[in-house]
Every structure is written in C-alpha cells, then in structure tokens.
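Listed below, chain by chain, are the residues.
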Amino acid sequence: MNRNEFEQIMVEAIGTLPESLQSRIDNVTFEVALSTQREETRGLYGLYEGVPLGDRGTGYNMALPDRITLFQDTIEEDFPSREQMIKGIQETVLHELGHFFGLDDEQLDDLGIG
C-alpha cells in the first residue's frame, strides 16, 4: 500500500473516534513513517512525542504541535486486511492519545488500550 492510501485509512480511523475525544485534541499532528527509520522505533505501531495535556502550564504557548507518528510498515505487517488495519490504527491512535492525555503504559494497560 502506498503512503497516501495509508494516510487516508488513518484519517478515516481518526474520524471514527468519539467527538468528545476529538474535541479535546489540541496542538497535535498525526504523521506516517516507517518504524525501521530509527532504531528506537523499530517494531512500534505508534509514538507520541510532546508535552502531555496535564503538563501544559501557563507558560505553554506558541509551542510546536505534539506529534503522533504511526508506523506504516509495522501496522501493515501485523494487520494485513483493510478492516484489520483500520482497527489497528484506531487502537494505536487511542493508545498514543492516552499518552497525550498524560497516561503511562501501565494505566493504558489497565484501561485495555495497552
């Protein structure tokens, strides 16, 4: 699958998130990359980089957007059909948004989105 097709599936998957969640996403970009581009991301589905919402104090302004990166190669490898891929992307986006909202991996596991 080419990058544009994958990005379209990503947009569709994000669009299925509840509006109450979508409306709270502030100053975040979503990107697509290959996990093999960096040693530390090899095998990951996604990565959140930024300042979690709860850690943004009064001095948080004019900041570059936080970034959620989805790794196309890993997701395609583990979720071969379009339907599986949409579900995998939804789960990955929820997990990374959990980090955006300040949850750690243990808390995400407890919520069933680890």
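Residues numbered from 1 in each chain as written. Predicted model: local features only at pLDDT ≥ 70, side-chain atom pairs only at ≥ 80, totals over all residues. Heavy atoms only, no water.

1. Here we look at the overall build of the protein
Next, step 1: Helices and strands together make up the secondary structure of the protein, namely five helices and three strands.
Next, step 2: Along the protein, helices and strands appear, N-terminal first, in the series α-α-β-β-β-α-α-α.
Next, step 3: Computed over the C-alpha atoms, the radius of gyration of the protein is 14 Å, within 12% of the 13 Å expected from 2.2 N^0.38 for a compact globule of 114 residues.
Next, step 4: With the C-alpha coordinates of the protein rotated into their principal frame, the extents come out at 45 × 30 × 25 Å.
Next, step 5: Of all 114 residues assigned to the protein, the portion counted as buried reaches 35%. (Helix = DSSP H or I, 4+ residues; strand = E, 2+ residues; numbered from the N terminus. Rg over C-alpha atoms; globule rule 2.2 N^0.38 Å. Buried < 20%, exposed > 50% of the residue type's maximum accessible area, 1.4 Å probe, protein only.)

2. Let's talk about helix α4 (residues 82-100)
Next, step 1: Between its first and last C-alpha, α4 extends 26 Å over 19 residues, near the 27 Å set by a 1.5 Å rise per residue.
Next, step 2: Every buried residue of α4 is accounted for by Met85, Ile86, Gly88, Ile89, Thr92, Val93, His95, Glu96, Leu97, Gly98, His99 and Phe100.
Next, step 3: Of the residues flanking the end of α4, it is Gly102, one or two places downstream, whose phi is positive at about 100°. (Expected span 1.5 Å × (residues − 1).)

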